[in-house]
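Coordinates in review
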Amino acid sequence: MTVVDKDLAAAEGTRGQLLRAARAAFAEGGLEGARVDDIARRAGINKQLLYHYFGSKDGLYTAVLEQVYHEIREQEAALALDALPAEEAMRRLVEFSFDYLQKSPDFVRILADENAHHGRHLQASETVEAMNRPIIELMRKTLERGAEEGVFRRGLDPLHVYLSIAGMSFFYFANVHTLSRAFNRPLGSPGAIDERRAHLTDFALNAIRRRTSA
């Protein structure tokens, strides 16, 4: 490894440490609650390096948003849904979307916080659109394949189908504590989560299936 390669690797390592520390801090306290000094302390790095790599706390926040989107899209791509029959592909995508949010509460908290800021940090991102475009294209292909296979209705908008699937899962995990109290049910318990997963999957698939004559 050359000196340049070592320097690049060290820089990437430092950047990664800062992103991990910032992600935890933003998930806990949001943009307003997180402090640069605390993020640097968590990362074990001089805070001047934070400004060197990201320019500001807002720049770091944008980078964390890009990272959380990159991770979910990367894992969606790894599902290789194009190789499956359309209905099975859609089932796996619905289940993945639900499972991902269950396992990634920081994703829910950070996106909820960015929405509280009207999405202004993502406006500064140069990569977020390119990262998110493939999931809608995958949805389009899957819906078209399902229509050709005779299992899905024609004319479904892939963006709206995706928003419905993602929205049902996101709402549940973003509001599980208040919903549990409001309806006096332990909706965050393993049994309740399994029940919700099964219902959501069935609900989503029935919404797009081709209607047959009685």
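As a reminder, the structure under discussion sits directly above these lines.
Summarised in this report is the structure supplied together with it. Since we're looking at a predicted model, the values are computed, not measured.

1. With respect to the nonpolar core
Phe26, Ile39, Leu60, Met90, Met139 and Tyr172 are the most contacted members of the largest nonpolar core, which totals 61 residues. In terms of residues, this core owes the most to one element, helix H5 (residues 86–103), which gives 9 residues. In this view, Met139 contacts Met90, Leu93, Pro158, Val161, Tyr162 and Ile165; residues no more than four positions away in its chain are not counted.

2. A look at unusual backbone geometry
In this model, Ala80 sits at a positive phi of 50°, which is unusual for a non-glycine residue. With respect to the helices, strands and loops of the structure, Ala80 is situated in the loop between helix H4 (57–77) and H5. Relative accessible area serves as the criterion here: at 44%, Ala80 is assigned to the partly exposed category. Of note, the phi angle at Asn184 is positive, near 55°, even though the residue is not glycine. Turning to its location among the elements, Asn184 is positioned in the loop between helix H10 (176–182) and helix H11 (190–208). The exposure class of Asn184 is exposed, given its relative accessible area of 65%.

3. A few points about helix H9 (residues 158–174)
Helix length check: H9, at 17 residues, gives a terminal C-alpha distance of 24 Å against a target of 24 Å (1.5 Å per residue), a fit within 8%. Buried within H9 are the following residues: Pro158, Val161, Tyr162, Ile165, Met168, Ser169, Tyr172 and Phe173. Residues of H9 that are buried in the fold lie against H4, H5, helix H6 (105–116), helix H8 (128–148), H10 and H11. Two or three places before Leu159, at the opening of H9, Asp157 has a side-chain oxygen 2.8 Å from that residue's backbone nitrogen.

4. Description of the packing of aromatic side chains
Summed over all chains, the structure comprises 7 aromatic pairs. Arranged with centres 5.6 Å apart and planes meeting at 40°, the rings of Phe96 and Tyr100 form a pair that is tilted. In this pair, Phe96 and Tyr100 are both assigned in helix H5, 4 residues apart and thus about one turn of the helix distant. Of the residues examined, Phe96 reaches a relative accessible area of 12% and is grouped as buried.

5. Thoughts on the environment of Gln102
Its place among the elements puts Gln102 in helix H5. Since its relative accessible area comes to 37%, Gln102 is described here as partly exposed. Distance from Gln102 to Ser169, taken between C-alpha atoms, is 8.7 Å for residues 67 residues apart in sequence. Residue contacts for Gln102: discarding those within four places in its chain leaves Phe173 and Ile193.

How each quantity is defined
- Residues numbered from 1 in each chain as written.
- Predicted model: local features only at pLDDT ≥ 70, side-chain atom pairs only at ≥ 80, totals over all residues.
- Heavy atoms only, no water.
- Core = buried A, V, L, I, M, F, W, Y, C linked by side-chain atoms within 4.5 Å.
- Buried < 20%, exposed > 50% of the residue type's maximum accessible area, 1.4 Å probe, protein only.
- Helix = DSSP H or I, 4+ residues; strand = E, 2+ residues; numbered from the N terminus.
- Contact = heavy atoms within 4.5 Å.
- Expected span 1.5 Å × (residues − 1).
- Polar contact = N/O pair within 3.5 Å; in protein donor to acceptor, adjacent residues only side chain to side chain.
- Phe/Tyr/Trp six-rings, centres within 6.5 Å; stacked < 30°, edge-to-face > 60°.

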